[in-house]
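Report on the structure
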Amino acid sequence: MTDSEKPTNFIQQIINSDLETGTVKQVITRFPPEPNGYLHIGHAKSICVNFGIAQQYGGGCNLRFDDTNPEKEDEEYVNAIIEDVRWLGFQWQGDICYASNYFDQLYSWAQYLVNQNLAYVCELNAEDMREYRGTLTESGKNSPFRERPAADSLALLEQMKNGEIDEGAMTLRAKIDMASPNINMRDPVIYRIKKMAHQRTGDKWNIYPSYDFAHGQEDAIEGVSHSICTLEFAANRPLYDWFVANLPLPSTPHQYEFGRLNLNYTVTSKRKLKQLVEEQHVEGWDDPRMPTISGLRRRGVSATAIREFCDSLAVAKTDGVVDMAQFEHFIRDDLNNNARRAMCVLQPVLLTLSNYDKDKTEVFSAPGHPGRDDLGERSLPFGRQIYIDRNDFSEDTTLSRKKFKRLVIGDYVRLRSAYIIRADEVIRDSQGSITEIVGSIVPDTVGQDAPEGIRPRGVIHWVSAADSADCTVKIYDRLFSQAAPDSGEGSFLDHINPDSLKLLGGCKVEKGLANAVAGDHYQFEREGYFTRDSQSTDLVFNCTIGLRDNWKA
RNA sequence: UGGGGCGUCGCCAAGUGGUUAAGGCACCGGGUUUUGAUCCCGGCAUCGGAGGUUCGAAUCCUCCCGCCCCAGCCA
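Given the structure is predicted, the values throughout are model-derived calculations rather than measurements.

A word on the domain arrangement of chain A. Looking at the assigned domains, one finds that chain A contains domain 1 (3-258), domain 2 (270-341 + 471-546) and domain 3 (362-369 + 379-461). One C-alpha centre belongs to domain 1, the other to domain 2; they are set 34 Å apart. Between domain 1 and domain 2 lies a buried interface of about 2300 Å² when both sides are counted; carbon and sulfur atoms form 67% of it. When residues of domain 1 are sorted by the area they lose upon contact with domain 2, Tyr38, Ile41 and Trp87 head the list and together hold 28% of the total. Among the ionic pairs, Glu257 bridges to Lys317, the shortest N-O distance being 3.6 Å. Counting the contacts that link domain 1 with domain 2 gives eight residue pairs in polar contact (both at pLDDT 80 or more). Listing elements by their share of the side of domain 1 that touches domain 2, those giving two or more residues are helix H1 (10-21), helix H2 (41-56), helix H3 (75-87) and strand S9 (254-258). In terms of residue count, H2 provides more of the side of domain 1 that touches domain 2 than any other element does, six residues in total. Taken together, the residues that form the side of domain 1 that touches domain 2 break down as 14 nonpolar, five polar and seven charged.

Right under this line is the structure:
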């Protein structure tokens, strides 16, 4: 779908109307990750939405770290997130923003609220506070500290800030309505004591603002016009608006929520991904089986594919689960159009062409891509001995041509970009397994149609035995064997697929790929799409995704 | 259960009172093909349910059913 055909989503409709009425002059959005984990495919949608809208309306999008909880955050994540956003192809407006840059301002707004008699220092402990909060059906009760004089709260807040109060002993709470049907409005905590160094502000603070007290104000400071987040924050919107209404903010941002991306056969929750990493169910955040941006990148998924996929998703208020096949479609689509072709034999078996001179070699030329001349040509050395895949050979002569379009003893097949050959006999070891196939070429068939009377069953790939490179290939399957690993009884860990990684050693690849670079994409013809693994020094290829395979055996 | 949100083909999703109810994915047929790929052609829903308003409803009203989110000093 092109942009012009794409329907206007509900956020764009709101923006259009804001622009028309003049309530908004310049569209500013933001992508606000908390640096407590790596970005995943779900974030990619949010990134595409936020940066995409800013781009569409000629505005800007901020990259802002919502670093209000030093307990869970780390600089490693900050750096990984920056790299991922950049790799996805987006550029934020101006400098990178941090919630922690606004801590002073936030603190003075907290004092402002106290002075307005709209916040107070509460000494209820966590347990009591829960008790006082009430339940979904019963309203809460006022804290006994609710009517504390502003001057006292101010002094206490200062002591909290200075580290003179124990963690958990006090909080600063907004004074709203303990009887509100929206639990978020029942005097929410806006500052809590955490005597903990922050990765950016060091030990300056002993108290940190809560998400609710920070987010809208950050938006206001940055002039964000449309603060777009996911559905689960909808219940926080009244609180967001309450701060915007009661604080002397430089602008009045608004929050809008859309449905986050869910994909089947995987998990998109930083908490769970972190667990997979920490409990070593995977190699790390960038394990190619992970739905993280870094994992997908290492797997060989292109940024373009991720963007196209995200753009194909609707921005709406429904929260569905997208079929992994839909993502895979965009991965294949991009790779099919852009990946260079190459041949790699995954399970090699030696094939000797008995009628081809021992000392003779030829070099054939094959296109880098069947439909793209700009990808040039590649050279394929050929000789008396080549490797083909064990799966491309059978001794069963009863196999129909339709059912088995590969090499069968006594029959013909086309070697891709080379000769038509025939299989004549097999050589076995003492165990009886095939160690070598002996065959023969049909002369003058390179680049030529099959001669009269010879009908190759199909086309198979191959590689020169003398002039190819050894490599290892990693084939991945879905990390979880259940479509919804999250749901149901038990842990999502119970549904980890034990066979999600298959390691194939001793593969043979075209010599030209011996120096392949991680991030370059290849289609190993008749197999799938691959990229060199960035974490190995040896020649290791990760299978990004297999080719579509429509034939039914 | 109180509040908020959502229910259109297996999945995603257009649709905002009058359309043969878009499109994509998946799937099923067929064609092309030196990749069983790509590509091409064709097939594939009466809109959660029941009432009602209307000449006319997926679109409006009523009731019902189902799913998601909120009771962190997480975000």
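Moving on: the protein's contact with RNA strand B. Close contacts around RNA strand B come from 63 residues, with Gly168, Arg341, Lys402, Arg416 and Gly447 the closest. Among the atoms of RNA strand B close to the protein, meaning within 4 Å, 61% are from sugar or phosphate groups. Note that a phosphate oxygen of RNA strand B is positioned 3.3 Å from one of the side-chain N or O atoms of Lys194. Lys403 has a polar backbone atom sitting 3.1 Å from a base nitrogen of RNA strand B. Where the surface near RNA strand B is concerned, the elements lending two or more residues are helix H5 (126-133), strand S6 (189-193) and helix H12 (324-338). A class-by-class count of the residues in the surface near RNA strand B yields 20 nonpolar, 22 polar and 21 charged.

The next subject is the packing of aromatic side chains. Inspection of the entire model under this criterion finds 24 aromatic pairs. Centre to centre, the rings of Phe65 and Tyr98 are 5.4 Å apart; their planes meet at 25°, and the pair counts as stacked. Pair noted here: Phe65 is in strand S2 (residues 60-65) and Tyr98 is in strand S3 (residues 97-98), with a separation of 33 residues, a long-range link. Note on Tyr98: relative accessible area 11%, which makes it buried. Here the aromatic rings of Phe382 and Trp462 are separated by 5.3 Å at their centres, their planes lie at 85°, and the arrangement is edge-to-face. Here Phe382, found in strand S14 (residues 377-383), pairs with Trp462, found in the loop between strand S21 (459-460) and strand S22 (463-464); they are 80 residues apart in sequence, far enough to count as distant. With respect to class, Phe382 is no different from Trp462; both count as buried. An aromatic cluster of three or more residues is present, and its members are Phe103, Tyr107, Tyr191, Trp205, Tyr208, Phe213, Trp242 and Phe243.

Definitions and limits used
Residues numbered from 1 in each chain as written. Chains lettered and ligands numbered in written order. Predicted model: local features only at pLDDT ≥ 70, side-chain atom pairs only at ≥ 80, totals over all residues. Heavy atoms only, no water. Domains from an automatic or database assignment. Buried area = accessible area lost by both parts, 1.4 Å probe. Salt bridge = Lys/Arg side-chain N within 4 Å of Asp/Glu carboxyl O. Polar contact = N/O pair within 3.5 Å; in protein donor to acceptor, adjacent residues only side chain to side chain. Helix = DSSP H or I, 4+ residues; strand = E, 2+ residues; numbered from the N terminus. Nonpolar A, V, L, I, M, F, W, Y, C, P; charged D, E, K, R; others polar. Near = heavy atom within 4 Å. Phe/Tyr/Trp six-rings, centres within 6.5 Å; stacked < 30°, edge-to-face > 60°. Buried < 20%, exposed > 50% of the residue type's maximum accessible area, 1.4 Å probe, protein only.

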